[in-house]
Amino acid sequence: MEVIYGILEMILPFEFTEYTFMKNALIAIILVSPIFAILGTMIVNNKMAFFSDALGHSALTGIAIGMVLGISDMNISMIFFAIVFALLLNFVKNKTNYGADTIISVFSSIAIALGLAMLATRW
């Protein structure tokens with residue numbers, strides 16, 4: 001990594017390259033950006049641009065499930081629910097003739113409502 005850090009310091013004459021965390025962030029951006037560009041194109045072509053928003057909102061339900069089940073690490077329940085949410089959404093999308101955005105919005109509304117209801121009864 002020191003070689004890469006040295007190259008970054010030589011190429012970029014900015015103050016932020018003095019900090020290791022900023023160098024790591026720049027390397028991460030350089031590595032991840034092409035992957036996201038390809039995925040973004042695929043998402044738009046499949047008319048699922050609203051999917052990431054719905055998946056993010058479904059995290060609330062994952063957290064609520066984790067709280068109800070007493071899981072100490074909410075990330076586990078959140079990731080598990082996001083995977084189930086995505087698989088179920090794609091299953092329903094492939095079995096019906098409705099538009100992808102319609103199905104995604106229904107799933108997003110259900111996930112938010114379910115998460116809020118679970119959290120409201122928990123308190």
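Up top is the structure.
Residues numbered from 1 in each chain as written. Predicted model: local features only at pLDDT ≥ 70, side-chain atom pairs only at ≥ 80, totals over all residues. Heavy atoms only, no water.

> It is not clear to me how the overall build of the protein should be interpreted in this structure. Could you clarify?
On a plain count of helices and strands, the protein comes out with five helices and zero strands. Written out in order from the N terminus, the α and β elements of the protein read α-α-α-α-α. Against the 2.2 N^0.38 benchmark of 14 Å for 123 residues, the protein shows a C-alpha radius of gyration of 20 Å, more extended than a compact globule. Its C-alpha atoms put the protein at 55 × 40 × 20 Å along the principal axes. By the burial criterion, 25% of the 123 residues in the protein qualify as buried. (Helix = DSSP H or I, 4+ residues; strand = E, 2+ residues; numbered from the N terminus. Rg over C-alpha atoms; globule rule 2.2 N^0.38 Å. Buried < 20%, exposed > 50% of the residue type's maximum accessible area, 1.4 Å probe, protein only.)

> I would appreciate a short explanation of the pattern of salt bridges in the present structure.
Any two side chains of opposite charge can pair, on the condition that their charged atoms come close. Taken as a whole and assessed by the stated rule, the structure comprises one salt bridge. For the salt bridge of E9 with K23, the shortest nitrogen-to-oxygen distance reads 2.3 Å. Residue E9 is found in helix α1 (residues 2-11), and its partner K23 is found in helix α2 (residues 20-45); the two are separated by 14 residues along the sequence. (Salt bridge = Lys/Arg side-chain N within 4 Å of Asp/Glu carboxyl O.)

> Would you mind going over helix α3 (residues 51-69) with me for this structure?
Two residues of an α-helix separated by three or four positions point the same way, owing to the 3.6 residues in each turn. For α3, built from 19 residues, the straight-helix expectation of 27 Å at 1.5 Å per residue is met to within 8% by its first-to-last C-alpha distance of 27 Å. Here α3 has its buried residues at F51, A54, S58, A59, T61, G62, A64, G66 and M67. Following α3 by one or two positions, G70 adopts a phi angle in the positive range, close to 80°. (Expected span 1.5 Å × (residues − 1).)

> I keep staring at the packing of aromatic side chains and nothing clicks. Help me out?
Each aromatic ring pair is summarised here by two numbers: the centre-to-centre distance and the angle between the ring planes. A complete count under the given rule lists four aromatic pairs for this structure. Ring plane angle 40° and centroid distance 5.9 Å describe the contact between Y19 and F21, whose orientation is recorded as tilted. Exposure remark for Y19: the relative accessible area of 46% places this residue in the partly exposed category. Here a set of aromatic residues connected by ring pairs shows up, and it is made of F81, F85 and F107. (Phe/Tyr/Trp six-rings, centres within 6.5 Å; stacked < 30°, edge-to-face > 60°.)

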